[in-house]
Amino acid sequence: MSIKIRMRGKSKAGVAEVKALIKHPMESGLRMDKKTGKPYPAKFIETVEIAVNGETAVNAQWSGAVSANPYVSVKVKANSGDEVSIAVVDNTGAKGSSTLKLK
Amino acid sequence: MKRRSFLKGTLATGATVVAVNAGLLTPTTVLAEWNSKAFTSKTTEDALSGIFGSSSTTESSDIKLKAPAIAENGAVTPITVDATAISGVESIAILGSKNPMPLVCEYTFAPAALGFVSTRIKLGQTMNVVAIVKADGKLLKAEQEVKVTIGGCGG
């Protein structure tokens, strides 16, 4: 099961704001199941990589304290027609990626 | 957890592990290894030393930290850190001072990126949100209190 990501981005005067919405529970491992008294197992995205035309622009590391179904937005130097991609990996090894051609 | 989704999850994880072992999934670039020491630190100072190697910071008004004064739902607190006014931004970290593990996220920028991050984070209670910007080897800090009316960790 790969992680689903939706992306949007638009370049304006050489700078593009890239927005991504990732479908992921982001379970921190601290939340308790009230019925059993045991914590829900941790499942959260650990690394995020955003690249422009295949070259890494932003590398991020997350903890379980990023909200569920994370939204992230960054600004990169890119022109219209450039390809922006995002790749994520969570602590269980599940991966997801998405690519967008900038308008 | 429902039986069906549990099975699905187990199968998917199993398949990924096999694929990784066989060297089938090679990332395009080697992702930096997750800094477990910094992310599991219980205090802001430890988290900063873990990720930047130093916890001495200077307040900077050049960092624009946008956070709500009152968050109705701490589980989704929108945070924007705009450090585009600073030159040579290498990384940005966001911390919640009273979270069980304060370090929330850390972004490292290549020259092709601007020092700007907008995201949503979980806050367990009323606390200060801290943004640390590393620029030219120096650690700059901006802080803002966010009042949380409902806890963010579902406790």
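None of these values were measured; they are calculated from a predicted model.

Draft legend 1. Structural context of the pairing of strand β3 (residues 45-52) of chain A. Residue and element names in this part refer to chain A. Of all 8 residues in β3, 8 are buried; the element is thus mostly enclosed. Summarising the sheet, β3 and strand β6 (residues 83-90) pair through 7 bridges and their orientation is antiparallel. Counted as the bridge partner of E49 is A87 from β6. One ladder, built from 6 bridges, connects β3 with strand β4 (residues 55-62); its direction is antiparallel. Directly across from V48, in β4, lies its bridge partner A60. Hairpin connection from β3 to β4: 2 residues lie between these consecutive antiparallel strands, with N53 at a positive phi of about 50°.

Draft legend 2. Main features of the interface of chain B and chain A. Taken together, the contacts link 42 residues of chain B with 38 residues of chain A. Around 3,300 Å² of area is buried between chain B and chain A when both sides are counted, 56% of it from carbon and sulfur atoms. Applying the counting criterion to the chain B and chain A interface returns 0 salt bridges. Linking chain B with chain A are 19 residue pairs in polar contact (both at pLDDT 80 or more). For the side of chain B that touches chain A, the element with the most residues is strand β7 (residues 113-121) of chain B, which contributes 8 residues. The residue inventory of the side of chain B that touches chain A, partitioned by class, reads 24 nonpolar, 13 polar and 5 charged. The pairing of β4(A) with strand β6 (residues 103-109) of chain B spans 5 bridges and is antiparallel. Within the sheet, the bridge partner assigned to A:A60 lies in β6(B) and is B:Y107.

Draft legend 3. Main features of the environment of A:S28. Within the secondary structure, A:S28 sits in the loop between β2 (15-23) and β3. Its relative accessible area of 18% is what places A:S28 among the buried residues. A C-alpha to C-alpha distance of 33 Å links A:S28 and A:K77, two positions 49 residues apart in sequence. The contact partners of A:S28, leaving out residues within four places of it in the chain, are A:A42, A:F44, A:G64 and B:K122.

Draft legend 4. Main features of the side chain of A:D82. Residue and element names in this part refer to chain A. Counting through the fold element by element, D82 comes out in the loop between β5 (71-77) and β6. No salt bridge is formed by the buried D82; the nearest opposite charge belongs to K101, separated by 8.7 Å. Beyond its immediate chain neighbours, meaning those up to four positions away, D82 contacts V52, N53, L100, K101 and L102.

Draft legend 5. Spatial organisation of the sheet that holds strand β1 (residues 4-12) of chain A. Reading across the sheet, the 6 strands line up as β1(A)-β2(A)-β5(A)-β7(B)-β4(B)-β2(B) and stay open at both edges, with antiparallel pairing between neighbours. Each end of this open sheet is capped by a strand with a single partner; those strands are β1 of chain A together with β2 (64-66) of chain B. The average angle at which neighbouring strand axes cross in this sheet is 15°, direction not considered. Summarising the sheet, β1(A) and β2(A) pair through 9 bridges and their orientation is antiparallel. Across the sheet, A:K10 pairs through a bridge with A:E17, a residue of β2(A).

Draft legend 6. Here's a closer look at the nonpolar core. Among the nonpolar cores identified, the biggest contains 70 residues, and A:V58, A:W62, A:V76, A:I86, B:V81, B:Y107 and B:V133 are the most heavily contacted of them. Looking at this core element by element, the count peaks at 7 residues for strand β8 (residues 127-135) of chain B. Apart from the residues lying within four places of it in its own chain, the contact partners of A:I86 are A:I5, A:M7, A:A20, A:V48, A:E49, A:I50, A:V72, A:G96, A:S97 and A:S98.

Reading guide: rules and limits
Residues numbered from 1 in each chain as written. Chains lettered and ligands numbered in written order. Predicted model: local features only at pLDDT ≥ 70, side-chain atom pairs only at ≥ 80, totals over all residues. Heavy atoms only, no water. Buried < 20%, exposed > 50% of the residue type's maximum accessible area, 1.4 Å probe, protein only. Helix = DSSP H or I, 4+ residues; strand = E, 2+ residues; numbered from the N terminus. Pairing = 2+ DSSP bridges. Contact = heavy atoms within 4.5 Å. Buried area = accessible area lost by both parts, 1.4 Å probe. Salt bridge = Lys/Arg side-chain N within 4 Å of Asp/Glu carboxyl O. Polar contact = N/O pair within 3.5 Å; in protein donor to acceptor, adjacent residues only side chain to side chain. Nonpolar A, V, L, I, M, F, W, Y, C, P; charged D, E, K, R; others polar. Lys, Arg positive; Asp, Glu negative; His and termini not counted. Axes fitted to C-alpha atoms, helices over the stretch in contact; angles between N-to-C directions. Core = buried A, V, L, I, M, F, W, Y, C linked by side-chain atoms within 4.5 Å.

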